[in-house]
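Residue-level structural notes
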Amino acid sequence: MKLDLVIRNIGQLLTMAAGGPVKGKDMNQLSVETDMAIGVKDGNVVWIGKDAEVNDLQYDRFINANGKLVTPGLVDPHTHLVFGGSREHEMALKQQGVPYLDILKQGGGILSTVRATRQATEEELFEKGMFHLQRMMSYGITTVEAKSGYGLNEETELKQLRVARRLNEHHPVDVVSTFLGAHAIPTEYKEDPDAFLEAMLAMLPDIKKQGLAEFVDIFCETGVFSVDQSRAFLQKAKEYGFDVKIHADEIDPLGGTELAVELGAISGDHLVGASHQGIHALASSHTIAVLLPGTSFYLGKESYAKARKMIEAGVAVALSTDFNPGSSPTENLQFIMSLAALKLKMTPEEIWHAVTVNAAYAINRGNVAGQIRIGRPADIVVWDAPNYQYVPYHYGVNHVNTVIKAGNIVYERGEGYVSSPVS
Ligand code: NIG
Ligand code: FE
């Protein structure tokens, strides 16, 4: 059999192939193979072995990893990828100490992005989404989740979801879609949030029929949606056949973590204020904790999610950028890995689990993404890093050398984006 591609001379290979989701202390057990090579055919990994054995293989093309690190493509399981405009004007307010939720209360924050997203054409949102997606890919991300939530009306929420679908169809990175219609209370429903939630629920049968989203999410937070509202909303979403996620205990500790477990959510996200009981409930559930330290960092918070407590209790932890224009404007998941090391005190071994295998499980892609395994899509990153500890250590820069998605080289340092972004 002639292979399409061989990656040779791999100094350290992380396959993450022990299965998943990986919980608690097991996250610290990383299998590292040295002097390895990988063979790819028809988009899939078909051979993994020692570099010395490559001489017996036939192949069309090879990449020399130069003795460096090779891992699965990164998975970002929580982003707000599709939106109009930007919010650099809020930086000064933040510097004056105006809290995030106060900016929202004054009609700014999420609501300012809602205005920009309602005004943007579908084409503009698509082009902008492409731009951000390209940048994510250049940082090693090969699968990403994307939430709606900047429409807060039927027309614009559907527009965002259609854009996410088009991005998935036209860009090499896989885009997994979540309906976050319950992201904020729009001005026109200020006096009647329950009626707003009803309006968002009424969209679900159509979203299901059109296959526009796999998950339904809600922002459970002071001044946004309460635990009771979130419970009722997500219960309905489950009845319509959706898996659910929840922005829980991000700013104020309301008990959203417990709610995520109670509902059997696929993930509970943020969890900065998760209680002791919430953490222990998570540990004995199938819900994955998606932690987003970029948000604590960017909002200038003292407190970060208690990752150590979670891991010690036995929780499966994933990490994400939370890429969005307000609380975490960055596509750089490598920087989040550094924050996880510095602020969440996660070990490099735990961090690699959190951005690959566990992140894939958090968006129901555990069987196709986050691991390098024979018979699975070849989503692989060749790093310009001598070892896996180096990536979280040397912070703020891009360590990617080559990104391979489904067997195709889609990004090479110096060469830029190899495949045409729009096909
Ligand atoms: O995950 N918390 C709500 N949603 C986003 C922020 C969105 C925004 O500020 O535009 C988050 O932090
Ligand atoms: Fe978010």
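Residues numbered from 1 in each chain as written. Chains lettered and ligands numbered in written order. Predicted model: local features only at pLDDT ≥ 70, side-chain atom pairs only at ≥ 80, totals over all residues. Heavy atoms only, no water.

A short note on the coordination of the iron ion (ligand 2)
Taken together, the protein ligands of the iron ion (ligand 2) are H78 (NE2), H80 (NE2), H247 (NE2) and D322 (OD), with distances of 2.1 to 2.3 Å. When the donors of the iron ion (ligand 2) are listed by position in the chain, the intervening gaps give H-x1-H-x166-H-x74-D. Here H78, found in the loop between β6 (74-76) and α1 (90-95), pairs with H247, found in strand β10 (residues 243-248); they are 169 residues apart in sequence, far enough to count as distant. Both residues of the pair, H78 and H247, belong to the buried class. (Donors = N, O, S within 2.8 Å, 3.2 Å for Na, K, Ca; no water. Helix = DSSP H or I, 4+ residues; strand = E, 2+ residues; numbered from the N terminus. Buried < 20%, exposed > 50% of the residue type's maximum accessible area, 1.4 Å probe, protein only.)

Let's talk about the pattern of salt bridges
Using the criterion set out here, one finds 17 salt bridges in the structure. Across the pair R231 and E262 runs a salt bridge, and its minimum N-O distance is 2.7 Å. Within this pair, whereas R231 is found in helix α8 (residues 227-239), its partner E262 is found in helix α9 (residues 256-262), the two being separated by 31 residues in sequence. Classification of R231 by relative accessible area gives partly exposed; the value is 23%. (Salt bridge = Lys/Arg side-chain N within 4 Å of Asp/Glu carboxyl O.)

Quick notes on the site of ligand 1
Not every one of the 15 residues close to ligand 1 is listed here, only the nearest: Y100, Y150, H183, E250 and S327. Within the side chain of E250, one N or O atom sits 2.7 Å away from a nitrogen atom of ligand 1. H270 has a polar side-chain atom sitting 3.0 Å from an oxygen atom of ligand 1. Protein contacts shield 100% of the accessible area of ligand 1, which totals 320 Å² for the unbound molecule. When its residues are assigned to classes, the shell around ligand 1 shows 4 nonpolar, 8 polar and 3 charged. (Near = heavy atom within 4 Å. Polar contact = N/O pair within 3.5 Å; in protein donor to acceptor, adjacent residues only side chain to side chain. Areas by Shrake-Rupley, 256 points an atom, 1.4 Å probe, with all protein chains shown as cover. Nonpolar A, V, L, I, M, F, W, Y, C, P; charged D, E, K, R; others polar.)

A few points about a negative patch on the surface
Taken together, E191, D192, D194 and E198 make up a surface patch of like negative charges. When you line up the elements, E191 lands in the loop between β8 (174-182) and α6 (193-201). By relative accessible area, E191 is classed as exposed at 74%. (Patch = residues over 30% accessible without salt bridge, like charges linked within 9 Å, V, L, I, M, F, W, Y side chains within 5 Å. Lys, Arg positive; Asp, Glu negative; His and termini not counted. Charge placed at Lys NZ, Arg CZ, Asp CG, Glu CD.)

Describing the side chain of T113
The residue T113 is located in helix α3 (residues 110-119) in this model. For T113, a relative accessible area of 1% puts it in the buried group. Filtering out sequence-adjacent residues up to four positions away, T113 remains in contact with F83, G84, R87, Y150 and P325. (Contact = heavy atoms within 4.5 Å.)

Looking at unusual backbone geometry
The peptide bond linking G20 to P21 adopts the cis configuration, its omega dihedral lying at -5°. The residue P21 is located in the loop between β1 (2-13) and β2 (33-41) in this model. Phi angles above zero are rare outside glycine, and H270 is one such case at about 85°. For H270, the position within the fold is in strand β11 (residues 267-270).

Describing the pairing of β1
In terms of burial, β1 is a largely internal element, 9 of the 12 residues being buried. In the sheet, β1 pairs with strand β4 (residues 58-64) via 6 bridges, with the strands oriented parallel. Directly across from V6, in β4, lies its bridge partner F62. For β1 and β2, the ladder comprises 6 bridges, and the chain directions are antiparallel. Note on β2: the bridge partner recorded for L13 is E33. Strand direction decides the pairing type here: β1 and strand β5 (residues 69-72), joined by 2 bridges, are parallel. Counterpart to L13 in the pairing with β5 is V70. (Pairing = 2+ DSSP bridges.)

Quick look at the side chain of R87
Mapped onto the elements, R87 comes out in the loop between β6 and α1. There is a polar contact of 2.6 Å between the side chain of R87 and the side chain of T113. Setting aside chain neighbours within four positions, we find R87 in contact with Y100, G109, I110, S112, T113, P325 and G326.

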